[in-house]
Amino acid sequence: MTLKQTFVFSLVIVLSSCASQGDKREAEQLAEKALASFELYEGLQIELIASEPLVADPVAMEVDELGRTYVLEMHGYPLDLSGSGVIKQLLDTDADGRFDEAVVFADGLKLPSGLMRWKNGLIVVDVPDVLYLEDTNGDGKADKREVLLTGFAVTNPQHIANTPMYGLDNWIYVAHQGMVTPKVSVKEFSDEGSEVRFPANSNAPKLPIDANGRNVRFIPDSFQLEMLSGESQYGQTFDDWGHHFGTSNADHLFTEVIPARYLARNSNLVVADAMENIPDHGSAAEIFPITQNPAHQLLTDVGVITSSCGVTWYQGGLIKGFENVTFVAEPVHNLVHADRVTAKGASFNASRLVENKEFLASTDAWFRPVQFYVGPDGALYMIDYYRQIVEHPEWMSEEVNNSGALYNGSNQGRIYRISPKGTPPMNWAGSIDIPAMTSDEIVTLLGSDNIWWRRNAQRLIVANEALVPNDVLIDYVASTGSAVGFLHGLWALEGRGQLTAELVERGLKHQTAGVRENAIRVAEIHLAAWPTLAATLIEMSADGDARVRFQLLCTLGFVDTKEATEARNKLLRQDINDRWVQVAALSASYGKESELLSEAISTLANSPSEGKAMFFANCAAAMATSGNQKATSEMLKKVLSGTQVPRDAWWKSAVLRGIDGAVKNSRLRAGNAVAEIKLLKAQLNEKTPAEVRAASMRLVTHFPGIEASHLADVQEKALQLALNGGASSAVRIDALLLLAKSDNGAYIDKLSTLVSAQEPDDVQEGAINAIVAINSQRASQLIVKSWSSLTPGVRDHAMGHLLNSEYGSHALLNAVEVGNIDQATIAWPRKVRLMNSYTDSVREKARRLLASNNTAPEELVKKYQQALDMRGDQVAGAAVFKTNCAICHQKGGEGGSSFGPDLGTIRNRDASFILADIINPNRSIADGFETWELETKNGEQITGVIASETASSLSIKDAVGNVTTVNRNEIASLKASDVSAMPAGFENSISVEQMSDLIAYLKR
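Residues numbered from 1 in each chain as written. Predicted model: local features only at pLDDT ≥ 70, side-chain atom pairs only at ≥ 80, totals over all residues. Heavy atoms only, no water.

J.: How should I be thinking about the packing of aromatic side chains in this particular structure?
T.: Remark: the centre distance and the inter-plane angle together describe each pair of aromatic rings, the angle taken between the planes. Overall, the coordinates contain 22 aromatic pairs when judged by the stated rule. A centroid spacing of 6.1 Å and a plane angle of 65° characterise the contact between Phe-322 and Phe-359, whose relative ring orientation is edge-to-face. With Phe-322 in the loop between strand E21 (309–313) and strand E22 (325–330) and Phe-359 in the loop between strand E24 (347–352) and strand E25 (360–362), the pair connects residues that are 37 residues apart, well separated along the chain. Phe-359 gets classed as buried once you look at its relative accessible area, which sits at 1%. Put simply, the rings of Tyr-41, Phe-322, Phe-327, Phe-359 and Phe-372 touch in pairs and so form one group of aromatic residues. Taking the ring centre of Trp-171 as reference, the NZ or CZ of Arg-217 above it sits at 3.9 Å. Lying over the aromatic face of Phe-558, Arg-265 brings its terminal NZ or CZ to 4.4 Å of the ring centre. (Phe/Tyr/Trp six-rings, centres within 6.5 Å; stacked < 30°, edge-to-face > 60°. Helix = DSSP H or I, 4+ residues; strand = E, 2+ residues; numbered from the N terminus. Buried < 20%, exposed > 50% of the residue type's maximum accessible area, 1.4 Å probe, protein only. Lys NZ or Arg CZ within 6 Å of the ring centre and 35° of its normal.)

J.: What is the right way to look at the sheet that holds strand E4 (residues 69–73) in this model?
T.: What holds strands together in a sheet is hydrogen bonding between their backbones, with the strands either parallel or antiparallel. Here we have four strands laid out as an open sheet, ordered E3-E4-E5-E6, and antiparallel in their pairing. The open sheet has two edge strands, strand E3 (58–63) and strand E6 (101–109), and neither has a second partner. Pairs of neighbouring strands in the sheet enclose a mean axial angle of 20°, with direction left out of account. (Pairing = 2+ DSSP bridges. Axes fitted to C-alpha atoms, helices over the stretch in contact; angles between N-to-C directions.)

J.: What am I meant to see in the sheet that holds strand E12 (residues 172–175) here?
T.: Taken in spatial order, the four strands make up an open sheet running E11-E12-E15-E16, and their pairing is antiparallel. Each edge of the sheet is formed by a strand with only one pairing partner; in this case those strands are strand E11 (162–166) and strand E16 (224–227). Averaged over all adjacent pairs, the angle separating strand axes in this sheet is 20°, with direction ignored. In this structure, E11 lies alongside E12, joined through three bridges in antiparallel fashion. The partner of Met-165 across the bridge, within E12, is Tyr-173.

J.: What's the story with unusual backbone geometry in this structure? I'm lost.
T.: Trans peptide bonds make up most of the peptide bonds, and negative phi angles are found at most residues other than glycine. Residue Pro-78 follows Tyr-77 across a cis peptide bond; omega there is 10°. Topologically, Pro-78 is positioned in the loop between E4 and strand E5 (85–91). The peptide bond linking Val-127 to Pro-128 adopts the cis configuration, its omega dihedral lying at 10°. Structurally, Pro-128 can be placed in the loop between strand E8 (121–126) and strand E9 (129–134). Here the phi dihedral of Ala-284 falls at roughly 50°; this positive angle occurs in a residue that is not glycine. Relative to the helices and strands, Ala-284 is located in the loop between strand E20 (275–277) and E21. In this structure, Asn-334 is a non-glycine residue whose phi angle is positive, near 60°.

J.: Explain the pairing of E21 to me, please; I cannot follow it from the model alone.
T.: For a regular strand, the rule is simple: side chains alternate between the two faces of the sheet. Of all five residues in E21, five are buried; the element is thus mostly enclosed. As judged from the three bridges shared by E21 and E22, these two strands associate in the antiparallel manner. Bridge pairing in E22 links Cys-309 to Ala-329.

J.: Even after reading the chapter, I still don't get the nonpolar core, so can you show me in this structure?
T.: Across soluble globular proteins, you tend to see nonpolar side chains buried next to one another. Membership of the largest hydrophobic core comes to 243 residues, with the highest contact counts inside it found for Ile-87, Ile-258, Phe-327, Phe-359, Phe-616 and Leu-751. In contact with Ile-87, not counting residues within four places along its chain, are Tyr-70, Val-71, Leu-72, Val-103, Val-104, Phe-105, Ala-106, Leu-109, Leu-115, Leu-122, Val-124 and Leu-133. (Core = buried A, V, L, I, M, F, W, Y, C linked by side-chain atoms within 4.5 Å. Contact = heavy atoms within 4.5 Å.)

J.: I tried to follow the packing of helix H17 (residues 610–625) against helix H19 (residues 649–662) on my own but got confused; where do I start?
T.: How two helices sit against one another is set out by the angle between their axes and by the gap between those axes. Look at H17 against H19: their axes get within 7 Å of each other, and the N-to-C directions meet at 40°. The pairing of H17 with H19 is recorded here as oblique in orientation. Remark: the crossing between H17 and H19 carries right-handed chirality. Contacts from Lys-612, Ala-613, Phe-616, Ala-617, Ala-620, Ala-621, Met-623, Ala-624 and Thr-625 in H17 reach Trp-650, Trp-651, Ala-654, Val-655, Arg-657, Gly-658, Ile-659 and Ala-662 in H19. Tallied by class, the residues present in the contact of H17 with H19 amount to 13 nonpolar, two polar and two charged. (Parallel < 35°, antiparallel > 145°, perpendicular 65-115°, else oblique. Left-handed = near helix turned anticlockwise from the far one by under 90°. Nonpolar A, V, L, I, M, F, W, Y, C, P; charged D, E, K, R; others polar.)

J.: Please explain helix H16 (residues 593–604) as it appears in this structure.
T.: One full turn of an α-helix is made of 3.6 residues, so residues set three or four places apart face in the same direction. The end-to-end C-alpha separation of H16 is 16 Å, in line with the 16 Å expected for twelve residues at 1.5 Å each. Listed in full, the buried residues belonging to H16 are Glu-593, Ser-594, Leu-596, Leu-597, Ala-600, Ile-601 and Leu-604. On an axial view of H16, the arc spanned by its buried residues comes to 160°, and they lie on one face. Those residues of H16 hidden inside the fold are in contact with helix H14 (562–574), helix H15 (579–587), H17, helix H18 (629–640) and H19. (Expected span 1.5 Å × (residues − 1). Arc of directions from axis to C-beta.)

J.: How should I be thinking about the packing of H16 against H17 in this particular structure?
T.: The N-to-C vectors of H16 and H17 enclose an angle of 155°; their axes lie 8 Å apart at closest approach. It follows from the interaxial angle that H16 and H17 lie roughly antiparallel. Crossing of H16 against H17: the hand is left-handed. On H17, the residues that touch Glu-593, Ser-594, Leu-596, Leu-597, Ala-600, Ile-601 and Leu-604 of H16 are Lys-612, Phe-615, Phe-616, Cys-619, Ala-620, Ala-622 and Met-623. Partitioned by chemical class, the residues of the contact of H16 with H17 number eleven nonpolar, one polar and two charged.

And the structure:
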């Protein structure tokens, strides 16, 4: 044994001496048992390659060009900042495809959240720093520790900077979401960060404090540093062509569509978000866990994606058919969700890989996937943090926070390998040596179907010219038939500063769209040095690929010629219905927004489309924001002067909406817009097209500095219109918009009469809005007082107002406490908002009133409690459902009547909640399924649920499906009952065993 081997062996002994051989065997048995808990996508296999005591609390891994595997352990989550984080190198000494030894590479890390190979060491994110760690003497332990970047906030660990990645463009990307103000962990996580900067170079670029909560990219050697236009919580990924994707809690997959450098060139362009959520199944998407006995916490959103992290675009090549599939970990629900991504204009669409189940799910409530890694063999490696609790104390009950269970499982953790069935065991650990390959062999790796080889080969080529001479690299790029090989070679030459205009031209004409798109990005860098590239770019305006055209439009914004402007306008017209194309066009039009809008009106206003309307609004907003008061005033006069023609209403209202959205940022003020305000007020009449009138009323009330006195001459007219039941709902609602700017408290009593079942929902909502604006406390009192007669749509709107103020929140909670408002009518996200309020008194009261899960009679709870401990029979439960429940309910749209809520929606709820609702149905009457008691003016009484409603009528459905429709003006009274339509004593008709079976069926 050599001296080095002896030292490594000693380190291993020290690391694992705390665990006896018996402990190790027990840990291995537990980890092996975990394999049996998985349901995995058909045709794939899962293997355990590392587990405790070898690894614990793993959050990331990296394999370097020598096949050495590093794993990052974050022991400090959720509250420990003492420096317990560790990086280990894992060894497979017997080459059996499973790691069996570990060496500590670095320790003393606080909350390490990601690592990547760089030069001869590792880059590690450990807020507030991004560190470079290197073993310079070959002893296996990092002895060099350099701070590359600093300034990131030491905030809640779920939101810290993380996951450094080497990008296709040779920049290092750091995912980041920014500081979250704590209410519980104030001592640990109140840091707001500082300027993000290179501490080794005071002259290098600096970013704002905590980089404004944005993703960051940097190049260490040249001290380049940039803030991106989007953010990501934990994890980030790229597709083959360098498109950037992120994830965040309920928003499990989104992409940065337009980079910050394009948005920055037009300060008049206000874009709310440069990221687009792309799943067609939406945010907080429904998921399908199989966990047995889950222990969800106080504020956990159950049954939907709520803790998405570790987003990874699979690029391994081994699992066929998965070339455009993304994975996200969902640790709270113990599963992995997968989507198939397709092109959609300048952006993407993501659809579930499989319906009604997940790519991988576990019955084990401690299984906590957090990150993935594509290995040298193309397999997908899954990192399991394996903890009892992963929710943070910031969002849990005090009882759990004080239970001593926060670190249960901190000595455990697993890494799994997923591959096609029949794939041989892992065989690459310690057996790779890219630097030892020939130059020709290394450049060939750029065309591998596995991103691990492509990315490492590019990184090494850029960093070390001795590995691959320039002529070898240039020859490869010029001759390869591989699209990805050409792409990585092109960027490698760019990273070396050896790119030629000829190769860029070749890329611009490449048959693969993703290559052309990247060649445009490269050309953008060299427009000044190689001006001939601009002509080629302009010739590409008819390209057949939407994302190529989008990138071209973005890049041509840096070319200030007549030909480039014509090409941009052509691209805009061709893809006008893509909102991102509009943003790209406007980003290149700084100071010319008025001219662009006028041209668009003259060429595009002849026929309506949603995309055109959106562009008119966006362009008008940029014009107003520019501060060009003259141009904005002239545009308003153009839109509002003369007779309003209905056929022009679509584009005129779009322009008004755009100005409205930006007027607060413009120089146009009420005091210097007398003529404009007069024109806007004049639109309050029934002859003005509804779209133009509504947009005018909103705009006039939003003018900075507008006061009631500016509108006094029309408010009496507005009041009479609002109270006129014979007028159209649309004009009444527009009148109510003006009344919201009144300071006349005497209007409140009159407006309160509109909050009545006899009025259309939208009129009621408009009246509530106006009263809130005049006196929000009186509005809260009115809402609570009228609650029992408010129909579901109006209730939802009214509750939104209650939650928007401390007074309103207390009014709501007080009404819940005394029983005037059923807490079941408060949707779960709103309960979470109340229970996590930044107002201490609201938060404390909400948790006291809303956190309980059982108000059933004690004797019934005692009788049926044992049903929760029994293993119910789903088949038998279906029979119980058919006999006892199907008269009012369906499950998944089948098997009964739709009078009551579909019980397929409760499968992810805790069994104890389901039991409590069965034995005490009045405890939780589902929103939208309240029993209503309606009495008509002629004395007829109708009872049932509201099946539908229009501006002029209500339809009531009874338990046997009969529907009665009543005109609103015939309603004498309407009141929601606080008694469930579910018959009392239902629980007495089924045994404890049948209750267990029924719950098993409902949770299937």
